[in-house]
Amino acid sequence: MLASWVASRQATAYYLAMNEFLTLFTRASKLMRGAVDEAMSRHGVRVGQNLLLEVLWQGDGLTPGELASRLQVATPTVVKSANRMSAAGLVVRAPDPDDARRVRLYLTDRARAVRGAIEREREELAQYAMATLTAAEREHLRSALLKIIAQFTGDPGIRSEEHTSELQSRQY
């Protein structure tokens, strides 16, 4: 009888902890997304477009499929974003010189011009978001988020330190 009661209490505590986690994670995510959207819009960039720009700043002239692979998103997501970015004057489409069926995305001068401002905004947001955390808490948060990403992507390599720079370029 006692074992049953203890198990029931533990299950309830676990449920409450998971419910609180989801609530807190969702709230933090929405607040961060809103702050990113506000910061990026100051430079004519929509939230999420900064992620495509960061990949293209590392290597211009990628196909939508290559971008999607690096960001670990679906290709139609990149195509839709690229359409908006093209309309906003951030990228231009050009046929692949080796395969006219494929399109490559190239940065415009405008996209290159906002690079410094976008990078500063992202750095300032990260600093602000983690300003009240100790170094140990920041590392613990990073580690926990990597484990959550690995759990959902099925990529156990995400947890290792050797993938840190690769992860930073993926910009989940």
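Use the structure listed above.
Residues numbered from 1 in each chain as written. Predicted model: local features only at pLDDT ≥ 70, side-chain atom pairs only at ≥ 80, totals over all residues. Heavy atoms only, no water.

**Student:** Help me understand the overall build of the chain in this model?
**Tutor:** Broken down by element type, the chain carries eight helices and two strands. Ordering the α and β elements of the chain from the N terminus gives α-α-α-α-β-β-α-α-α-α. Counting all 172 residues of the chain, 26% fall into the buried class. For the chain, the share of sequence-separated contacts (at least 6 apart) that also reach a separation of at least 24 residues comes to 51%. Put simply, the chain shows about 11500 Å² of open surface, and 57% of that area lies on carbon and sulfur atoms. (Helix = DSSP H or I, 4+ residues; strand = E, 2+ residues; numbered from the N terminus. Buried < 20%, exposed > 50% of the residue type's maximum accessible area, 1.4 Å probe, protein only. Contact = heavy atoms within 4.5 Å. Areas by Shrake-Rupley, 256 points an atom, 1.4 Å probe, with all protein chains shown as cover.)

**Student:** Would you mind showing me how to read the nonpolar core here?
**Tutor:** Taken as a class, soluble globular proteins show a tendency for nonpolar side chains to be buried jointly. Judged by nonpolar contacts, the single largest core of 24 residues is most densely connected at V45, L53, L67 and L107. In terms of residues, this core owes the most to one element, helix α2 (residues 49-58), which gives five residues. Residues in contact with V45, not counting those within four places in the same chain, are M40, N50, L53, L90, V114 and I118. (Core = buried A, V, L, I, M, F, W, Y, C linked by side-chain atoms within 4.5 Å.)

**Student:** It is not clear to me how the pattern of salt bridges should be interpreted in this structure. Could you clarify?
**Tutor:** Proximity of charged atoms lets side chains of opposite charge pair with each other. This structure, assessed with the given rule, holds 11 salt bridges. The shortest N-O distance in the salt bridge between R104 and E66 comes to 3.0 Å. Pair noted here: R104 is in strand β2 (residues 103-107) and E66 is in helix α3 (residues 64-71), with a separation of 38 residues, a long-range link. The class of R104 is buried, set by a relative accessible area of 14%. In this structure, a network of salt bridges that share partners links the residues E66, D96, R102 and R104. (Salt bridge = Lys/Arg side-chain N within 4 Å of Asp/Glu carboxyl O.)

**Student:** Looking at this structure, how should I read helix α7 (residues 135-153)?
**Tutor:** Residue pairs three or four apart in sequence face the same way in an α-helix, which turns once every 3.6 residues. For α7, spanning 19 residues, the distance from its first C-alpha to its last is 27 Å, which sits close to the expected 27 Å at 1.5 Å a residue. Two residues or fewer after α7 comes G154, characterised by a positive phi angle close to 70°. (Expected span 1.5 Å × (residues − 1).)

**Student:** Help me out: how do you make sense of the packing of α3 against helix α4 (residues 75-87) in this one?
**Tutor:** Between two packed helices, what matters for the description is the angle formed by their axes and the separation of those axes. One way to put it is that α3 packs onto α4 with a least axis distance of 8 Å and a crossing angle of 115°. Note on packing geometry: the crossing formed by α3 with α4 is right-handed. Residues P64, G65, L67 and A68 of α3 pack against T75, V78 and V79 of α4. Its residues assigned to classes, the contact of α3 with α4 shows five nonpolar, two polar and no charged. (Axes fitted to C-alpha atoms, helices over the stretch in contact; angles between N-to-C directions. Left-handed = near helix turned anticlockwise from the far one by under 90°. Nonpolar A, V, L, I, M, F, W, Y, C, P; charged D, E, K, R; others polar.)

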